Amino acid sequence: MTVRPRRLFRYLILTLLLLPKAGVAASSCGQPASTIARIQGTGPQSPVVGETVTVEGIMTRDARIPGGFKGFYLQQADHQTDNDPRTSEALFVYTRRSEGEPGDRLRITGRVKEYHGLTQLVGIGAMTVCGREALPGPTIVRLPWSAPAETLENMRVRFEQPLTVIDSYNLGRYGELTLAPTDQVGATEYLPPGPSAVRTAERNRDQRVLLDDGRLQTNPRPVPWPPGGLSPERTVRAGDRVTGLIGILDFRFGTWRLQPEPPPVFEQVNPRQPPPSRPTEPHIRIMTMNLANYFNGDGRGQGYPTPRGAKTRTNYQDQHRRLLAALQAPNPDILALTEIENDGYGPDSAVANLARALGPNWRVVETPGADGSDEIRTVLLYRTDRVDVTGTPARLTSGPFQRRGRPPLSQAFQAREGGDAVRVVVVHLKSKSCRNATGADRDQNNGEGCYASRRTGSARAILDWLASLPAPPDLAGTLITGDLNAYARETPLDAFRAGGFTSMVHDHHPCTPEACPHYTYRYKGEKGSLDYALASSSLRPHILTAATWLLNADEPRALGYQGPLDIVQPLPWRTSDHNPVVTDVRY
């Protein structure tokens, strides 16, 4: 048959149009494609960054939801893996395209990119749904990591052991909980500062994974954990256990995290407890607590935001209600408090306002003009129907407290029924924050943080000061109490021990790496004591009980007075970020 030139031209054009182009061939399901393992490689970064590749795998999780990660996770089918434990079989596909859902086999062409440590495909060209296929089975993992996490990046995993909640600091802000095999104790709570403590802290950090909510959204509402949403009645406390942890092992914002499916199961292992009961023997009960910046504005309903405390009058009212509930529940005779506004002793002052609210029997130990220049101070309050003051109050305003810091306050008390007196000294030492730290006050990389030198010098100055104070008649001894901003084996506590003072909480409830039943603070997933009741050698035999009430540190910050939840009842939980110390002294 003779083909005319015009017809031949049309025939060639049609033939060329029907031939598979490179992009079309790349989208042909079942054709050869790059393996995900090859893209991931055996190192921390992909060996083919910047290259355009075609892969074929199964969508395991869709993160293209509102507020999500704008993409999805793709994993190689189980029968197509390379069986090399050094390589991950999954990657993240960053795209706004809407094709596919979990369980779909997809063929995708895109460019390989490393995004802050996460291997992903971007610039997606061809993307074809090739049908349905079973999800890859989750890889069984344990903490400490049974395999390097990098080899499991973006893959489905299942934690075979229950994990423990150790930190909820970012729960309300980012929907995150930090999990570990067991509750973690701060290294310098039981180890002296130095290389061993640093290595222990590093090991603690290496045994964690974040439970995430699968979203980039800040301030999620409802707060996602526990399932059903966080509320005053339904909390998740540090120390609680989480099981059924199955999902995608993701790496974002410098942290390994689990994007779960389905929601895990939460078990209350560390439930809320009532305050310590009072002994039957005659005694004086002393309660010590950091108030997390109790500021009352101008004392007349205005003056918000305050410099360090409540941002609004509503914040303050919530804080005030909670504090009353927390301070009254243990039924104390003396309150040794830190982080209260340093605004004198007039009727509008924060401490006067607190005393009035506690009841007509409460009085404040006053030291006008000696409270220091810091925005916060230490205070003592007492019940006049139970105890009397004996002697005059004193503050240390020399040495390290002459121009900075919060001057310690001393006052002796005696039960109205008689018996021996006890001197109570309330202290608040410099924090571990490194702002403006220079010289010896800088972090020495031994586990103590910044300003350990100043805290230690302050401890020695307090001991010298106490030795110079006149002793009232029938003095049983001295109790140094308050927020020392140092864990139990750090150098400030060594100084107090050398001066004859012993931590009564640790004496009654020793802390080990495996068990630390009494503590006052949690910082970045580790628990320990910053607040103490240190008894002199003469007072030690008079101590009936010394304990912490696990009131605050285990509760999510989101339940605090500046948290996102609208809490109107006088909830004592998360009144502060410190747990109170309760000490009963026989008289």
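Heads up: these notes are all about the structure in this document.

Basis of the calculations
Residues numbered from 1 in each chain as written. Predicted model: local features only at pLDDT ≥ 70, side-chain atom pairs only at ≥ 80, totals over all residues. Heavy atoms only, no water. Disulfide = S-S within 2.5 Å. Helix = DSSP H or I, 4+ residues; strand = E, 2+ residues; numbered from the N terminus. Buried < 20%, exposed > 50% of the residue type's maximum accessible area, 1.4 Å probe, protein only. Contact = heavy atoms within 4.5 Å. Salt bridge = Lys/Arg side-chain N within 4 Å of Asp/Glu carboxyl O. Phe/Tyr/Trp six-rings, centres within 6.5 Å; stacked < 30°, edge-to-face > 60°. Lys NZ or Arg CZ within 6 Å of the ring centre and 35° of its normal.

1. Focus on the state of the cysteines
A covalent bond between the sulfur atoms of two cysteines is referred to as a disulfide.
Part 1 of the argument: Following the criterion strictly, the structure yields three disulfides and no others.
Part 2 of the argument: Two residues, Cys434 and Cys450, share a disulfide whose sulfurs are 2.0 Å apart. The sign of the 90° torsion about the S-S bond sets the Cys434-Cys450 disulfide as right-handed. Taken as a pair, Cys434 in the loop between β23 (421–428) and α8 (452–468) and Cys450 in the loop between β23 and α8 lie far apart in primary sequence, 16 residues in all.
Part 3 of the argument: Residue Cys450 is classed as buried on the basis of its relative accessible area of 2%.
Part 4 of the argument: At a sulfur-sulfur separation of 2.1 Å, the disulfide partner of Cys511 is Cys516.

2. Focus on the side chain of Thr338
Part 1 of the argument: Structurally, Thr338 is set in strand β18 (residues 334–341).
Part 2 of the argument: Filtering out sequence-adjacent residues up to four positions away, Thr338 remains in contact with Met289, Asn290, Leu291, Arg377, Thr378, Val426, Val427, His428, Gly482 and Asp483.

3. What to know about the pattern of salt bridges
Part 1 of the argument: For the structure on display, the rule yields 37 salt bridges.
Part 2 of the argument: Here Arg257 ties to Glu176 by a salt bridge, and the two come within 2.8 Å at their closest N and O atoms. Within this pair, whereas Arg257 is found in strand β15 (residues 255–260), its partner Glu176 is found in the loop between α4 (171–174) and β10 (177–180), the two being separated by 81 residues in sequence. Per residue, the accessibility class of Arg257 equals that of Glu176, and both read buried.
Part 3 of the argument: In this structure, the salt-bridge partner of Asp348 is Arg300, at a minimum N-O distance of 2.8 Å. One end of the pair, Asp348, is in the loop between β18 and α7 (350–358); the other, Arg300, is in the loop between β17 (283–294) and α6 (313–328), and 48 residues separate them in sequence.
Part 4 of the argument: Residue classification places Asp348 among the partly exposed positions, given a relative accessible area of 29%.
Part 5 of the argument: One salt-bridge network, held together by shared partners, links Asp183, Arg237, Arg272, Arg522, Lys527, Asp554 and Glu555.

4. Considerations on the packing of aromatic side chains
The description of two aromatic rings rests on the distance between their centres and on the angle between their planes.
Part 1 of the argument: Per the stated rule, a full pass over the model turns up eight aromatic pairs.
Part 2 of the argument: Relative to Trp573, the ring of Trp549 has its centre 6.0 Å away and its plane inclined at 70°; by these criteria the two rings are edge-to-face. Taken together, the residues span a long stretch of sequence, with Trp549 in the loop between β29 (543–548) and β30 (581–586) and Trp573 in the loop between β29 and β30 at a distance of 24 residues. Accessibility classification places Trp549 together with Trp573 in one group, the buried group.
Part 3 of the argument: In textbook terms, an aromatic cluster arises when at least three aromatic residues are bridged by ring pairs, as seen for Tyr294, Tyr304 and Tyr316.
Part 4 of the argument: A cation sits over an aromatic face here: Arg252 above Phe69, 3.9 Å from the ring centre.

Function cannot be read off these values alone, since they describe shape.
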